[in-house]
Structure formats: C-alpha cells, structure tokens
Amino acid sequence: MKTVLTIAGSDCSGGAGIQADIKTITAHKLYAASAVTALTAQNTTGVFGISECTPELLRSQLHSVFSDIFPDAVKIGMLASSALIEVVADALMQYRPHNIVVDPVMIATSGNDLLEMPAREALKEKILPLADLITPNLPEAETLCGRKLVTDQEMEAAAKELSEAYRAAVLIKGGHREYGADDLLCGTEDAVWFRGNRLENPNTHGTGCTLSSAIACRLAEGYSMAKSVHLAKEYLTGAIRAGLDLGKGNGPLEHGWWLEMPWDAGK
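Thresholds applied
- Residues numbered from 1 in each chain as written.
- Predicted model: local features only at pLDDT ≥ 70, side-chain atom pairs only at ≥ 80, totals over all residues.
- Heavy atoms only, no water.
- 1 Å grid on protein atoms, 1.4 Å probe; cavity = no way out; pocket = protein on both sides within 12 Å on 5 of 7 lines; lining within 4 Å.
- Points joined across faces, edges and corners; volume = space filled by probe spheres on them.
- Nonpolar A, V, L, I, M, F, W, Y, C, P; charged D, E, K, R; others polar.
- Helix = DSSP H or I, 4+ residues; strand = E, 2+ residues; numbered from the N terminus.
- Core = buried A, V, L, I, M, F, W, Y, C linked by side-chain atoms within 4.5 Å.
- Buried < 20%, exposed > 50% of the residue type's maximum accessible area, 1.4 Å probe, protein only.

Draft legend 1. Layout of empty space enclosed by the protein. Applying the stated rule across the entire model yields one cavity of 30 Å³ or more. Volume-wise, the largest cavity comes out at about 50 Å³. In terms of lining residues, the largest cavity is bounded by Ile-76, Gly-77, Met-78, Leu-79, Val-102, Asp-103, Pro-104, Val-105, Leu-115 and Leu-123. Grouping the constituent residues of the lining of the largest cavity by class yields eight nonpolar, one polar and one charged.

Draft legend 2. Spatial organisation of unusual backbone geometry. Positioned with a positive phi, Ala-80 is a non-glycine residue whose angle comes to about 75°. Examined against the element boundaries, Ala-80 turns out to sit in the loop between strand S4 (73-76) and helix H3 (82-95). The phi dihedral of Arg-167 falls on the positive side, at around 55°, and the residue is not glycine. Within the secondary structure layout, Arg-167 lies in the loop between helix H6 (152-166) and strand S7 (169-172).

Draft legend 3. Geometry of the nonpolar core. Ranked by internal contacts, the top residues of the largest apolar core, which has 48 residues, are Ile-7, Leu-62, Ile-76, Val-88 and Ile-127. Among the elements that take part in this core, H3 stands out by supplying eight residues, more than any other. Core analysis: the next-biggest nonpolar cluster, separate from the first, contains 27 residues, Ala-169, Ala-214, Leu-219 and Leu-253 among them.

Okay, structure coming up:
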C-alpha cells in the first residue's frame, strides 16, 4: 500500500487541515500518516483559537514517521510560523522524500492573512524550493509574484515565473476568479488549463486541503503531474457536487462520495 504524509494544522470540526487530508488519502485507499503543526478551535462559521505545536514536538513527529513508515508522497499545508517552517525544511532536507506537494496556506478564503510576513519569507526561501508542486490559490499567487492576476495571459506569465523561481510545477487555482473556476498547471511540460464551471454549492470548506492531498495521492501512485491534477480535480468536483450540508456556515465536503461498501455482504 502506498503511503502519504500530511504536515498541516488540525481542524477540530473535520472539514479542513489534517482531518480533510486523512479523509482524502483514505478515500483513495492509501495509508495516511500525519504531523500536526497546530491545533485550532474552529467550525463552519469561523476560527476561534490557534495553538501552535512546539518545534521540538513537530521535529519528533516527523522523525517518527520518516524513520519507520517512509511516505511515497508528502502534502504540506498550514505551517503557522518561521520556527515550524525551519523544522519541516530540515526534515525534508534530511530524509529527501519524493512527490512533495505544498499548499502555501497564506490567505484565507475570507481574505484574512494566515501567515505573518517573516513566516511568508521563510516559506518562500526554505519550503517552496523543495516542492515538486506548489498549489497557491489566486490571492496567494498574487502575493508570491507581487501583482494582480486577472487575465489568462497574466496567470500564465505568473505560473511560469513561479515555476522557474522555485524549480517546481505550479498549479494556480482559479476559484477566486470573477468568472468560471479555471486552474492552470505550469512547470513539468507545456502549460495546461483545467477549465471548470463554478458549482452551485456554498459548502466548500477545505477544498484546497482536499485537492492538494488528492494530487499527492495520485503522485504516490505513479501518475504524471498533469494526470494527477486531472484525477484530483475529478475527485474534488465529486466531493463538492455530492452536496453534503453540515453546520451553520461554510460547510465541509463529502470526502467519501465515491466509496461503495456492501454493508450487507455475508448476510
């Protein structure tokens, strides 16, 4: 069985972060390991508290996984601080895993900053150059390249620039675009557009976490970068389209939408 390590924060309501990652990896019938960077108190209506893991404990978590159940892919999400970024970078340099997917969690869907400037600089200097794939949403891509991205041509230029700067494939997610929901992959081959229509479902909490984890799963299984993104987007679309409706706010996805279990087998 292929294995995927997720390095991210915990969402106690189960919609995003480590919980969404583990659900996604399990739905792909792969083995999920995790290293928690922060505990959060949150639900579908907002975030009410964050407690970072200590660098020492995060280092111990990473060593425990890498030294025993070495992952076939690594997904990296919320890193919270410069100190934790240093720990993760050191572990990646030491153990040299393949198929590293970095979701650069810097800006929330609401527009709120999730990483302070020193941590952003540490992320750009120490983590992004180690990635095989970077998956910024549109505001994060704008932050990384320092300008607004509106047209297809502007997105293509930015994706190429970021790919060359970090020597990684870059997937700019277009969910924040005014029209449509087109994603752009650049880096390993010619630029590839994944055209999509915006689904009429407000319950999209954890979409970025889910997509990056699904891509990591497919890379772990040996698919190409473009094919991994294509298959992951199909999985995400199904999880949104399933129409799970939980909570009073921006609800979670149905991560198990494609699983079928004959519960009455043997009766």
